[in-house]
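# Reading the structure
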Amino acid sequence: MNAAPTTTEETTMSQHTTAEALRQRFAEARTRGLRAREAAEAIGLSEGAAVAAHVGGHEQPLRAVPLQPRWLEILQSLQACGPLMALTRNESTVHEKTGVYQNLSASGPVGLAVGEDIDLRLFFQHWHAGFVVTERQANGSEQASLQFFDARGTAVHKVYPRSQTVHSAWEQVQQRWADPTRELAFQPGRAPATPPAAADVAARCADDFAQAWAAMTDTHQFFGLLRQFGLERQQAFALVEGRFTQRVDSGAVRQLLLAAALDATPIMVFVGSPGCIQIHTGPVQRVEPMEVHGKTWLNVLDPGFNLHLREDLIASAWIVEKPGDFGTVTSLEVFDGDGGLMAMFFGARKPGQAERAGWRALLAPLRTAGALTA
């Protein structure tokens, strides 16, 4: 006997039931103290998919309204809100910066925000969905944020109000760009890792690659070199190790931040998601390592800038030198066990300026320690 055909109403009811079950499971995970990203993973969803399940009418603490996919215009409209907190993270590192969204521009899918405090590099080809996310807090108040995700549901950027925010303008932004009828879906699973180039390819191109590295006149040319030679970042470092790069101890980030805080040397801290690189430029002051549930967090807890880096996940660290027309630019770059770039650290400098001697002095002990353990 054939089953009766499923009606549109029955399908809608089934989808509603599934979404409600997901919302309940997500809320339960949140009550266990899990952050949104962790709670989504605990119920087998990406964070974006978990947020999308909260679109529409329901009684759960978290509610979501889709945004129009006009990413640059949305970010440009934030200037009227005054100070906001910009958050960009990856698997192991969270970068939070408070300031005004200013000087937003784009050329094709690549955008920039170059305000005094909010400094972003934006890759809009990875921006798939955005939401106004409102979550009821334990004290009964509600906090709204703008949250943006790539096609696999990984957060690329988030925006939160601060006490200094012009709340009337903040509410206007939410209302202006909301699109409650917009339907969004996410691809399951994580994006596949970039396959490493074969060892024989790396061996054949080593000399040519080293020559091309030495011929760089701007650090941004490095990305073109990676594409040209088909290399991922750490493979490239290994090919010029001893000439332009040096492996250092996994404790190098802690040592660097503590030393920078001690002598007030201004630095730059880069943290990236699939669709955004967020940059802090300036000194760091309060550096606090913290052990929580078997995880080691290295924190910078300064007014206007917070960094939270899983120090226990650092699998490799490199000091990297890139030549340019205004001298060598040196960075400390750290990677997790999957080869993911956790964060990059540079000396604070303006384009067209030489690197500060104080920054190189911070790196000198790291080089010595790395040489001793090689």
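Computed from a predicted structure; not experimentally measured.

Bringing the overall build of the protein into the picture now. Helix and strand counts for the protein come out as 10 helices and 18 strands. Relative to the 2.2 N^0.38 estimate, which gives 21 Å for 374 residues, the radius of gyration of the protein is 23 Å and therefore close to what a compact globule would have. Along the first, second and third principal axes, the C-alpha set of the protein runs to 70 × 55 × 45 Å. Within the protein, the proportion of its 374 residues that are buried is 46%. Counted over contacts in the protein with a minimum sequence separation of 6, partners at least 24 positions apart contribute 59%.

With that settled, the discussion passes to helix H9 (residues 252–263). An α-helix turns once every 3.6 residues. As a result, residues three or four positions apart point the same way. The end-to-end C-alpha distance of H9 is 17 Å, a good match for the 16 Å that 12 residues give at a rise of 1.5 Å each. Among the residues making up H9, those that are buried are Ala252, Val253, Leu256, Leu257 and Ala260. All buried residues of H9 project into a common sector of 125° when viewed along the axis, lining one side. Just downstream of H9 lies Ala264, where phi reads positive at about 60°.

Here the focus is helix H5 (residues 167–177). Of all the residues in H5, the buried ones are Ala169, Trp170, Val173, Gln174 and Trp177. Projected down its long axis, H5 shows its buried positions confined to an angular sector of 145°, all on one face. With respect to the buried face of H5, the exposed residues turned more than 90 degrees away are Ser168, Gln172, Gln175 and Arg176. Tucked into the core, H5 has its buried residues touching strand E1 (62–66), helix H4 (71–77), strand E2 (84–89), strand E7 (129–136), strand E8 (142–149) and strand E9 (155–161).

By the element assignment, Arg349 lies in the loop between strand E18 (341–347) and helix H10 (357–373). A residue is classified by how much of its surface remains accessible, and Arg349, at 24% relative accessible area, is partly exposed. In this structure the C-alpha to C-alpha distance between Arg349 and Val248, which are 101 residues apart in sequence, comes to 23 Å. Ignoring any residue separated from it by four or fewer positions in sequence, one finds Arg349 in contact with Met268, Val329, Ala354 and Glu355.

A few words on unusual backbone geometry. For residues that are not glycine, phi is negative in most cases, and the peptide bond is trans in most cases. One non-glycine residue, Asn103, lies in positive phi territory at about 55°. Its relative accessible area of 51% is what places Asn103 among the exposed residues.

Moving on: the packing of aromatic side chains. With the rule as written, the count across this model stands at 16 aromatic pairs. Members of the aromatic cluster, each reached through a chain of ring pairs, are Phe209, Trp213, Phe222, Phe223, Phe229, Phe237, Phe244, Trp318 and Phe335.

So, on to the pairing of strand E11 (residues 267–273). It is a general feature of regular strands that their side chains alternate between the two faces of the sheet. Among the seven residues that make up E11, six are buried, leaving the element largely enclosed by the rest of the structure. Bridging between E11 and strand E12 (residues 276–282) involves seven bridges; their strand directions are antiparallel. Of the residues in E12, the one forming a bridge with Met268 is Thr281. Joining the antiparallel neighbours E11 and E12 is a turn of two residues. Bridge analysis of E11 against E18 gives four bridges, and the strand direction is antiparallel. Directly across from Phe270, in E18, lies its bridge partner Met344.

Our next topic: the side chain of Thr134. Assignment of secondary structure puts Thr134 in strand E7. Its relative accessible area of 14% is what places Thr134 among the buried residues. Ignoring sequence-local partners within four residues, the contact set of Thr134 consists of Pro61, Leu62, Arg63, Glu142, Gln143 and Ala144.

Of all hydrophobic cores here, the largest spans 28 residues; its most connected members are Leu257, Leu332, Val334 and Phe345. Membership of the second largest hydrophobic core comes to 27 residues, among which are Ala113, Phe124, Ala144 and Phe148.

Charged atoms that come close allow side chains of opposite charge to pair. Enumeration over the complete set of coordinates arrives at 16 salt bridges. Put simply, Glu321 and Arg367 hold a salt bridge, and the shortest N to O gap is 2.8 Å. One end of the pair, Glu321, is in strand E16 (residues 316–322); the other, Arg367, is in helix H10, with 46 residues separating them in the sequence. On the basis of relative accessibility, which here comes to 23%, the residue Glu321 falls in the partly exposed class.

Analysis parameters
- Residues numbered from 1 in each chain as written.
- Predicted model: local features only at pLDDT ≥ 70, side-chain atom pairs only at ≥ 80, totals over all residues.
- Heavy atoms only, no water.
- Helix = DSSP H or I, 4+ residues; strand = E, 2+ residues; numbered from the N terminus.
- Rg over C-alpha atoms; globule rule 2.2 N^0.38 Å.
- Buried < 20%, exposed > 50% of the residue type's maximum accessible area, 1.4 Å probe, protein only.
- Contact = heavy atoms within 4.5 Å.
- Expected span 1.5 Å × (residues − 1).
- Arc of directions from axis to C-beta.
- Phe/Tyr/Trp six-rings, centres within 6.5 Å; stacked < 30°, edge-to-face > 60°.
- Pairing = 2+ DSSP bridges.
- Core = buried A, V, L, I, M, F, W, Y, C linked by side-chain atoms within 4.5 Å.
- Salt bridge = Lys/Arg side-chain N within 4 Å of Asp/Glu carboxyl O.

None of this, on its own, says anything about what the molecule does.
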